[in-house]
Amino acid sequence: MSELWLSLTGVPAEGREYIYSDQSLWTENLRRFEIPVETTQPLSATLFVQPQDKGVFVRGTLSGSLRIPCDRCAEPFELDLAHEFELFEEVSPEDPAEASDLLRTAGGVLELDAAGLLWEQFVLALPEHALCHPDCRGLCSTCGANLNITACQCESEDGDPRLAVLRNLKINQ
Ligand SMILES: [Zn+2]
Ligand SMILES: [Zn+2]
């Protein structure tokens with residue numbers, strides 16, 4: 001798993017911006033968790049990091065394109081990502097890294113888990129229901145046919161009553 005710890009000691013009070021385009025930050029986890037998503041336009045991210053009184057403020061963007069299977073019909077389709085985020089990681093006075101999963105202290109230096117944060121934001125950027133088209137018709141629950149491509153027999157069972165008449169004619173022959 002990619003590791004990328006960002007030392008917060010050197011970040012000036014006005015903050016600093018970081019740019020990430022190392023694909024392994026995302027592709028390693030996609031493989032590891034066997035997520036059937038490929039990148040078609042390389043992902044890139046920016047992080048603006050600013051240490052504050054009681055924590056660390058982070059604002060960022062994540063963009064790129066993916067090939068992702070549709071939730072309804074399972075056909076892969078292209079999805080553009082343009083994700084923006086803002087978060088505040090609390091730093092506790094006694095044990096600075098205690099309050100946040102994204103912080104650790106190493107040799108007295110407070111560090112931000114940039115790889116963890118960028119993966120978390122990638123997951124959040126994915127739509128809850130990824131659809132190839134807003135009115136994707138999905139798969140027939142009986143025969144599994146992709147109803148965007150073909151109308152199967154089972155679908156017409158409770159469909160147009162005129163079709164039922166035609167079907168009966170065929171059976172009677
Ligand atoms: Zn679909
Ligand atoms: Zn069917």
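Refer to the structure above for everything that follows.
About the thresholds
Residues numbered from 1 in each chain as written. Chains lettered and ligands numbered in written order. Predicted model: local features only at pLDDT ≥ 70, side-chain atom pairs only at ≥ 80, totals over all residues. Helix = DSSP H or I, 4+ residues; strand = E, 2+ residues; numbered from the N terminus. Buried ≥ 20, exposed ≤ 12 C-beta atoms within 10 Å, placed from the backbone. Contact = placed C-beta atoms within 7 Å. Pairing = 2+ DSSP bridges. Axes fitted to C-alpha atoms, helices over the stretch in contact; angles between N-to-C directions. Expected span 1.5 Å × (residues − 1). Arc of directions from axis to C-beta. Parallel < 35°, antiparallel > 145°, perpendicular 65-115°, else oblique. Left-handed = near helix turned anticlockwise from the far one by under 90°. Nonpolar A, V, L, I, M, F, W, Y, C, P; charged D, E, K, R; others polar. Core = buried A, V, L, I, M, F, W, Y, C linked by C-beta atoms within 7 Å.

Participant: Provide a residue-level description of the overall build of the protein, including the pertinent values.
Facilitator: Broken down by element type, the protein carries four helices and seven strands. Shown N-terminal to C-terminal, the secondary structure of the protein runs as helices and strands in the order β-β-α-β-β-β-β-β-α-α-α. Here the protein holds 173 residues, and 18% of them are scored as buried. Sequence separation of 24 or more characterises 54% of the internal contacts of the protein that already satisfy a separation of 6 or more.

Participant: Any chance you could break down the sheet that holds strand β5 (residues 76-90) for me, citing the residues and the numbers?
Facilitator: In spatial order, the strands read β2-β3-β4-β5; together these four strands make up an open sheet with antiparallel pairing. A strand with exactly one partner marks an edge of an open sheet, and here the two such strands are β2 (16-20) and β5. Between one strand and the next, the sheet's axes are offset by a mean angle of 10°, whatever the strand orientation. Relative to β5, strand β4 (residues 55-69) is paired through 15 bridges, and the arrangement is antiparallel. Of the residues in β5, the one forming a bridge with Val-58 is Leu-87.

Participant: Which residues make up helix α2 (residues 114-125), and what are the values?
Facilitator: Relative to the 16 Å expected for twelve residues at 1.5 Å per residue, α2 spans 16 Å between its end C-alpha atoms, a close match to the ideal helical length. Turning to α2, its buried residues are Ala-114, Ala-115, Leu-117, Leu-118, Gln-121, Phe-122 and Ala-125. Down the axis of α2, the buried side of the element spans an arc of 165°, and every buried residue falls inside it. The exposed residues of α2 that point more than 90 degrees off its buried face are Val-123 and Leu-124.

Participant: I'd like a description of the packing of helix α1 (residues 24-32) against α2, backed by residues and values.
Facilitator: In the contact formed by α1 and α2, the axes pass within 10 Å of each other and the chain directions differ by 65°. In terms of axis orientation, α1 runs roughly perpendicular to α2. Seen along the crossing, α1 lies across α2 with a hand that is right-handed. Seen from α1, the contacting residues are Leu-25, Trp-26 and Asn-29; seen from α2, they are Ala-115, Leu-118, Trp-119 and Phe-122. For the contact of α1 with α2, the residue count by class is six nonpolar, one polar and no charged.

Participant: Residues and numbers for unusual backbone geometry, please.
Facilitator: In the Ramachandran plot, Glu-34 falls in the positive-phi region, its phi being about 50° despite a non-glycine side chain. Note on placement: Glu-34 falls in the loop between α1 and β3 (38-52). Backbone geometry places Ala-74, a non-glycine residue, at a positive phi of 70°. Tracing the sequence through the fold places Ala-74 in the loop between β4 and β5.

Participant: An account of the environment of Gly-64 is requested, with residue identities and associated values reported.
Facilitator: Within the fold, Gly-64 resides in strand β4. For Gly-64, a count of 21 C-beta atoms within 10 Å gives the class buried. Gly-64 sits 25 residues away from Thr-39 along the chain, and the two C-alpha atoms are 7.4 Å apart. Residue contacts for Gly-64: discarding those within four places in its chain leaves Thr-39, Gln-41, Pro-42, Leu-43, Ser-44 and Leu-81.

Participant: Please give an account of the nonpolar core that cites residues and values.
Facilitator: Counting residues in hydrophobic clusters, the biggest one holds 23 residues, and the most contacted among them are Val-49, Val-56, Leu-62, Leu-112, Ala-114 and Leu-118. Among the secondary structure elements, those contributing two or more residues to this core are α1, β3, β4 and α2. Looking at this core element by element, the count peaks at six residues for α2. Not counting residues within four places of it along the chain, the set of residues in contact with Val-49 comprises Leu-6, Val-11, Gly-15, Arg-16, Tyr-18, Val-56, Val-58 and Leu-112.

Participant: Kindly report on the sheet that holds strand β7 (residues 109-113), identifying the contributing residues and their values.
Facilitator: Taken in spatial order, the three strands line up as β1-β7-β6 in an open sheet, and their pairing is antiparallel. Single-partner strands in this sheet number two, and they are β1 (5-7) and β6 (103-106). Taken over all neighbouring pairs, the strand axes of this sheet differ in orientation by 40° on average, direction set aside. Bridge count between β6 and β7: four bridges; the pairing is antiparallel. Residue Thr-105 lies in a different strand from β7, and its bridge partner there is Leu-110. In the packing of α2 onto the sheet, the strands contacted are β1 and β7, and the crossing angle to β7 comes to about 25°.

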